[in-house]
Amino acid sequence: MNEAAITLDGWYVLHDFRTMDWASWKAVPEEERKAATDEFIAYLDKLQKADDEKTGSHAFYTVVGQKADFMLMTLRPTMDELQQLEAEFNKLAIADYTTPTYSYVSVVELSNYLAKESDEDPYQNPYVRGRLYPELPRSQYVCFYPMDKKREGEDNWYMLDMDRRRELMRSHGLIGRSYAGKVKQIISGSVGFDDYEWGVTLFSDDVLQFKKLVYEMRFDEVSARYGVFGSFFVGTILQGDDRTSFFNVQ
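The model shown is predicted, which means the values in this text are computed figures rather than measured ones.

Trainee: I'd like a rundown of the packing of helix α2 (residues 30-53) against helix α3 (residues 79-90), residues and numbers included.
Mentor: At their nearest, the axes of α2 and α3 sit 11 Å apart, and the two run at 165 degrees to each other. Taken together, the axes of α2 and α3 are roughly antiparallel relative to one another. The hand of the α2/α3 crossing is right-handed. Mapping the contact onto sequence places F40, Y43, K46 and L47 in α2 and L85, E86, E88 and F89 in α3. Among the residues forming the contact of α2 with α3, the class breakdown is five nonpolar, no polar and three charged.

Trainee: Describe the environment of H172, listing the residues and the values that go with them.
Mentor: With respect to the helices and strands, H172 occurs in helix α5 (residues 162-177). The spatial distance from the C-alpha of H172 to the C-alpha of S223 is 8.3 Å, given a sequence separation of 51 residues. The residues contacting H172, other than those within four sequence positions of it, are M217, D220, V222 and S223.

Trainee: Residues and numbers for the UniProt feature "active site" (unreviewed entry) in the chain, please.
Mentor: Under the feature "active site" (unreviewed entry), the UniProt entry names Y145. Considering the arrangement of structural elements, one finds Y145 in strand β5 (residues 141-149). Excluding anything up to four places from it in sequence, Y145 contacts W198, G199, V200, L202, V214, F229, S231 and F232.

Trainee: So what's going on with the nonpolar core? Residues and values would help.
Mentor: Grouped together as the largest cluster of nonpolar side chains are 20 residues, with contacts concentrated most on F40, Y43, L44, F60, F89, I94 and F247. Contributing elements (two or more residues each) for this core: α2, β3 (70-76) and α3. The dominant element in this core, judged by the number of residues it contributes, is α2, at six residues. If we ignore the near neighbours within four places in the chain, the residues touching F60 are F40, L44, F70, M71, L72, I237, L238, R243 and F247.

Trainee: Run through unusual backbone geometry, naming residues and quoting values.
Mentor: Non-glycine residue K54 carries a positive phi angle of around 60 degrees. Structurally, K54 can be placed in the loop between α2 and β2 (57-62).

Trainee: Go over empty space enclosed by the protein, please, and point to the residues and values.
Mentor: Taken as a whole and assessed by the stated rule, the structure comprises one cavity of 30 Å³ or more. Estimated volume of the largest cavity: approximately 60 Å³. When residues of the lining of the largest cavity are traced back to their parent elements, those giving at least two are β1 (7-20), β3 and α3. Broken down by element, the residue count for the lining of the largest cavity peaks at four residues, all from α3. Its residues assigned to classes, the lining of the largest cavity comprises six nonpolar, one polar and two charged.

Trainee: Can you break down the layout of surface pockets residue by residue, with the values?
Mentor: Considering only enclosed or pocket space, the second largest pocket measures out at about 160 Å³ in volume. If you go around the second largest pocket, the residues you meet are W25, E30, E31, R33, K34, T37, D38, T244, F247, N248 and V249. Examining the composition of the lining of the second largest pocket, we find that six residues originate from one element, α2, more than from any other. Partitioning the lining of the second largest pocket into residue classes produces three nonpolar, three polar and five charged.

Trainee: I'd like a description of the packing of aromatic side chains, backed by residues and values.
Mentor: Each aromatic ring pair is specified by the distance between its two centres and by the angle formed by the two planes. In the structure shown here, the tally under the stated rule is 26 aromatic pairs. For the ring pair F40 and Y43, a centre distance of 6.3 Å and an interplane angle of 20 degrees mean the geometry is stacked. Taken together, the residues F40 and Y43, both in helix α2 and three residues apart, mark about one turn of the helix. Overall, the relative accessible area of 0% leaves F40 in the buried class. The rings of W22, W25, F40, Y43, F60, F70, F89, Y97, F246 and F247 are connected pair by pair, giving a single aromatic cluster. Over the ring of Y215 we find K211, and its NZ or CZ is 5.9 Å from the ring centre. Against the face of F229 rests R218, its NZ or CZ located 4.3 Å from the ring centre.

Trainee: Which residues make up the pattern of salt bridges, and what are the values?
Mentor: For the structure shown, the criterion picks out twelve salt bridges. Two residues, K34 and D38, come together in a salt bridge whose shortest N-O distance is 2.8 Å. With K34 and D38 both in helix α2 and four residues apart, this pair spans about one turn of that helix. We classify K34 as exposed; its relative accessible area is 52%. Look at D38 and you get partly exposed, because its relative accessible area is 37%.

Calculation criteria
Residues numbered from 1 in each chain as written. Predicted model: local features only at pLDDT ≥ 70, side-chain atom pairs only at ≥ 80, totals over all residues. Heavy atoms only, no water. Axes fitted to C-alpha atoms, helices over the stretch in contact; angles between N-to-C directions. Helix = DSSP H or I, 4+ residues; strand = E, 2+ residues; numbered from the N terminus. Parallel < 35°, antiparallel > 145°, perpendicular 65-115°, else oblique. Left-handed = near helix turned anticlockwise from the far one by under 90°. Contact = heavy atoms within 4.5 Å. Nonpolar A, V, L, I, M, F, W, Y, C, P; charged D, E, K, R; others polar. UniProt positions renumbered as here; feature names shortened; annotations may be inferred. Core = buried A, V, L, I, M, F, W, Y, C linked by side-chain atoms within 4.5 Å. Buried < 20%, exposed > 50% of the residue type's maximum accessible area, 1.4 Å probe, protein only. 1 Å grid on protein atoms, 1.4 Å probe; cavity = no way out; pocket = protein on both sides within 12 Å on 5 of 7 lines; lining within 4 Å. Points joined across faces, edges and corners; volume = space filled by probe spheres on them. Phe/Tyr/Trp six-rings, centres within 6.5 Å; stacked < 30°, edge-to-face > 60°. Lys NZ or Arg CZ within 6 Å of the ring centre and 35° of its normal. Salt bridge = Lys/Arg side-chain N within 4 Å of Asp/Glu carboxyl O.

Next up, the structure:
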């Protein structure tokens, strides 16, 4: 049996994608729409308190295309807290006018493929803690996609020994690091939690950097030979008054 990668696990993550029933929403009296919108904004402000106190994080984005209208990404220390927040959202008045279109459950993850050997407790390392318990950036754009490592015939990632996997991941990681300052990346593990093995969330103020990064990585062996990708979701941030404006209808 090959050696399994050791992971460090941080905050649990829920990507919640919803589509608005705009026809029904338009039929609601304006006063009721305002009350429902205000209630939802209060819910987002409650989420923000965890960001301020460094006990969690969240991001609220529109989604471009027909896969969803918006995405709410929430990070918390426990899976139970995510469940409670999801249930709380579903009980809001505005939730009656949304349809869940996709969701993804995972936990922020770092593996030992690229880690340096050390006797130090990694959970006490400030850099590692910043990666495991991230404050989500308020970048203009977001890109999310799930992915697997292939397990087919000669292209079976899990049949490679640790040294070979570490070598491949080191090369793969160099591409990601070349986009430092342009793209922030959060990798979350989902083995046993969802349909794929990892969720990848990218943040940038230049949406074209997503295309450049993902395309360049396709030529790396880790992706070209062993990568299997799910659907891609791209969106634009909603914050401040834009959150309310998104739900305004004539």
